[in-house]
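# Survey of secondary and tertiary structure
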Amino acid sequence: MSESYQTRECDVLVVGAGGAGLRAAIAAAEAGCSTLVVSKSLLGKAHTVMAEGGIAAGLANLDTPDSWEVHFADTMLGGQLINNWRMVDLYSREVIDRVYELERWGGLFDRTDDGLIMQRAFGAHSWKRLCHVGDRTGLELIRTLQDKMVHTAGTDVLMECTLTRLLTHGDRVCGAFGYLRNTGELIVIRAGAVVMASGGWGRMFRYTSNSWEGTGDGAAMAFEAGAELQDMEFVQFHPTGMIWPPGARGILVTEAVRGEGGILRNSEGERFMERYDPVKKDLSSRDVVARSIYKEVVAGRGSPHGGAFLDIASRRSAADIRKRLPSMCDQFEALAGVDISKEPMEVGPTIHYTMGGIRVDAETAASTVPGLYAAGEAAAGLHGANRLGGNSLGDILVFGRRAGEAAASSAKGLGARPAVSKKQLADAEAAVLLPLAHDLGEKAENSYVIHRALQEAMQDDAGIGRSEESLNRALTAIGELTERSKRMRVGGGRVLNPGWHTCRDVLSMLTVSEAIVRCAIARRESRGSQWRFDFPDKDAHLGRINLVARKRRGAMVVEERANEPMPDDVVTRLARSRFFDPATLPLHYAGKVPAQSPEAH
Ligand code: FAD
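Keep in mind that what you see is a predicted model, and the values were worked out from it rather than measured. (Residues numbered from 1 in each chain as written. Predicted model: local features only at pLDDT ≥ 70, side-chain atom pairs only at ≥ 80, totals over all residues. Heavy atoms only, no water.)

## Things to note about the nonpolar core
The line we're drawing: Working definition of a nonpolar core: buried Ala, Val, Leu, Ile, Met, Phe, Trp, Tyr and Cys residues. They are joined through side-chain atoms within 4.5 Å. Exposure is judged per residue with a 1.4 Å probe applied to protein chains only, and the accessible area is read against the type maximum: over 50% gives exposed, under 20% gives buried, and values in between give partly exposed. What counts as a helix is a DSSP run of H or I of at least four residues, what counts as a strand is a run of E of at least two, and both are numbered from the N terminus. Between two residues, a contact is recorded if the distance between any of their heavy atoms is within 4.5 Å.
By size, the foremost hydrophobic cluster in this structure holds 169 residues, and its most contacted members are Leu13 and Met566. Ranked by residues supplied to this core, first place goes to helix α15 (residues 498-522) with 12 residues. The residues contacting leucine 13, other than those within four sequence positions of it, are Leu36, Val38, Leu163, Gly175, Ala176, Ile189, Ala191, Ala193, Val194 and Val195. Among the nonpolar cores identified, the runner-up in size contains five residues, and Phe234, Tyr353, Met355 and Ala385 belong to it.

Next up, the structure:
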């Protein structure tokens, strides 16, 4: 065991300083709890800062027919009805208050001429709904929450600290173990409750819009502690990432470009989305647009580098484009030498968001493990099989707050802080330090090589289109890489050693990748972001269940969990979406929605 650990104590430990973590910390501290926020990066640099397009909320500032009920309907339909409807219900009601709260806390939104919060159109939202700050909404959200948090008594922040394991007492989570990235010092944090707000995971794919932090550490730690991971098969390909030059591949081209009127064309100049979705066209849901681009490329109508052309230049004035999409202008100018106010962008699908995550209770964000809560991209349930753009920034505000409040109440209900066994700490320490042991000589494996091999396997065999055969190939590769990962070793010591950090990341990514692939194999249907070449249709039984991956006797197993059907009065709300089509309702809801709703359009 180590000579010494740095130790910290708090009522509520929040893992992550993105929007979900910051909102949870504010709620927990306001409930009277000492709250520690831990982040792999610096405060203000979490992945949330990259968000561009906006926060979806049914304020109806521009389109008066909008409401929380229409937002509910769009979100359920976008998620192909396997979302946790209670979460969607809470979300679509409460996100309105959370947006106004941000405004009260100093968030500076773009405005209408009347001084209302400006809203823009986004894919598969019935009305103009995304509250935004140009195309830098995440930056404003983080800035506002951060400012509020540091002025809330009872909060503290620990930056550049990687947590590697949740600590437990009996069945209950009671803290976490990790190390400081700059010194390599080990740290033990004892807490009454833990909120996992550690974000998503895209880094196990070759092309992704995600930041370096997106390695799924939180999901992997929760899984190891006994939590269930739900909907892991649903990984969102955003249809428009940069595809050229190679160094920029994967970087997001915000949906706001299409929200502001941009259209997609193939190499023949055809606006092909008119064929694939004549109603929503370029603003169809992300799964549909991503697949459509893929199909155009396969049909030989792709752009020179294997994607499509996104044209805003012919749709808006140059001044308008510079005002509404400043980051996109800078991004294309700096990285590709393209002036998007004059010429089209070349774009293609990029891994963007993970609908799956830690299975939680809708009201409290409690996981299936006592003492552990989860919110934001690390949690599952709100988005079902496909997330609508703008619903994540709302998610992190609504459920970040709920998780913080519930964790605070749980921590306050505890008597003494639970003890942590010495064996647990010794095991956690041994696992973290193993890659630094210079004991294997030429048999040592390089963490970067394993990461690259995992990316190849996931991108090629568990990507936008999948089959039993390709997924089994991916599973075999993950198994082999997991074996090799046990021999990962790095040179150098603990101080600022990126190779060592990557070893941790790789272990998390392997666990999460296995969950993605095992769930994708078990879901023998196509639904939302899961596109199975060998099962192109929906399956009635699978439409009533969510899949969970959990640990049983040391191995990962996939099990079915029945999703709670919507009550009749809730089902009728679906007709409020402009995009509702009664013909697509699953049998168990058939006949419960009026064929033509007066409010629908
Ligand atoms: P994150 O912001 O990812 O934060 C995770 C935190 O956890 C970080 O602080 C990280 O350091 C910490 N962490 C992780 N692992 C560990 C560990 N082991 N130890 C300690 N700390 C750890 N959504 C929208 O709704 N609207 C948009 O316009 C939009 N635009 C986007 C644009 C881009 C380019 C991208 C990539 C995403 C966009 N999204 C958007 C999605 C949205 O930004 C994210 O889903 C959301 O910000 C996730 O927030 P979070 O708080 O859950 O996690």
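## Brief notes about the site of the ligand
Stated formally: By convention in these notes, a residue is near a molecule or strand provided one of its non-hydrogen atoms lies within 4 Å of it. Think of a polar contact as two N or O atoms within 3.5 Å of one another; within protein, one of them needs to be a possible hydrogen donor and the other a possible acceptor, and neighboring residues in sequence only count if both atoms come from side chains. All accessible areas in this document rest on Shrake-Rupley with a 1.4 Å probe, and a residue is counted as covered only by the protein chains that are shown. Lys, Arg, Asp and Glu make up the charged group, whereas Ala, Val, Leu, Ile, Met, Phe, Trp, Tyr, Cys and Pro make up the nonpolar group; the residues left over, Gly among them, are polar.
Around the ligand, the structure places 39 residues, and the nearest of them are Thr48, Gly53, Glu213, Glu377 and Ser392. Threonine 48 places a side-chain nitrogen or oxygen 2.5 Å from an oxygen atom of the ligand. Between an oxygen atom of the ligand and a side-chain N or O atom of glutamate 213, the distance comes to 2.4 Å. In isolation the ligand exposes 1,000 Å². Once the protein is present, 98% of that is buried. Sorting the residues of the shell around the ligand by element identifies α1 (19-30), β7 (161-169), α5 (217-224), β14 (345-354) and α11 (391-413) as the ones contributing at least two each. Per-element tally for the shell around the ligand: the top contributor is α11, with four residues. Residue composition of the shell around the ligand, by class: 15 nonpolar, 18 polar and six charged.

## A look at the sheet that holds strand β17 (residues 545-552)
Formally: Between any two strands, pairing holds if DSSP finds at least two bridges. As a rule, the C-alpha atoms of each element are fitted with a line to give its axis, helices using only the stretch in contact, and angles between N-to-C directions run from 0 to 180 degrees.
With antiparallel pairing, the four strands of this open sheet are ordered in space as β15-β10-β17-β18. Across the chains shown, the open sheet's two edge strands, defined by having one partner strand only, are β15 (357-358) and β18 (555-562). Packed on one face of the sheet, α5 meets β10 (229-230), β15, β17 and β18 and runs near 65° to β17.

## Re the environment of proline 245
Topologically, proline 245 is positioned in the loop between β11 (235-242) and α6 (256-259). Separated by 320 residues in the primary sequence, proline 245 and proline 565 have C-alpha atoms spaced 47 Å apart. The contacts of proline 245, once residues within four sequence positions are left out, are Leu335 and Ala336.

## With respect to unusual backbone geometry
Geometrically, the link from tryptophan 244 to proline 245 is a cis peptide bond, its omega value of 0° lying close to zero. The phi dihedral of glutamine 80 falls on the positive side, at around 60°, and the residue is not glycine. Secondary-structure assignment places glutamine 80 in the loop between α2 (68-78) and α3 (85-104). Backbone geometry at arginine 553 places phi at a positive 50°, although glycine is not the residue there. Locating arginine 553 in the fold gives a position in the loop between β17 and β18. For arginine 553, a relative accessible area of 80% puts it in the exposed group.

## Things to note about the sheet that holds strand β4 (residues 119-120)
The strand order β3-β5-β4 describes an open sheet built from three strands, whose pairing is antiparallel. The sheet is open, and its two borders are formed by β3 (55-56) and β4, each paired with just one other strand. The pairing of β4 with strand β5 (residues 130-131) spans two bridges and is antiparallel. Bridging across to β5, glutamine 119 finds its partner in cysteine 131.

## Here's the deal with the packing of aromatic side chains
As a reminder of what qualifies: Two aromatic rings from Phe, Tyr or Trp, using only the six-membered ring of Trp, form a pair when their centres are within 6.5 Å; if the ring planes differ by under 30 degrees the pair is stacked, by over 60 it is edge-to-face, and anything between is tilted. Look at NZ for Lys and CZ for Arg. If either is within 6 Å of the ring centre and within 35 degrees of the ring normal, a charge sits over the ring.
Within the structure shown, the criterion is met by six aromatic pairs. In textbook terms, an aromatic cluster arises when at least three aromatic residues are bridged by ring pairs, as seen for Tyr294, Trp531 and Phe533. Positioned over the ring face of tyrosine 353 is arginine 387, at 4.1 Å from the centre of the ring. A cation sits over an aromatic face here: arginine 578 above tryptophan 127, 4.6 Å from the ring centre.

## Describing the side chain of arginine 291
Assignment of secondary structure puts arginine 291 in helix α8 (residues 286-298). Once residues lying within four places of it in the same chain are set aside, the contact partners of arginine 291 are Ile464, Gly528 and Trp531.

## Looking at the environment of arginine 301
Along the chain, arginine 301 falls in the loop between α8 and β13 (308-311). Taking C-alpha positions, arginine 301 is 59 Å from glycine 170, a pair spaced 131 residues apart along the chain. Excluding anything up to four places from it in sequence, arginine 301 contacts Asn266, Ser267, Glu268, Arg275 and Glu296. A polar side-chain atom of arginine 301 sits 2.8 Å from a polar atom in the side chain of glutamate 296.

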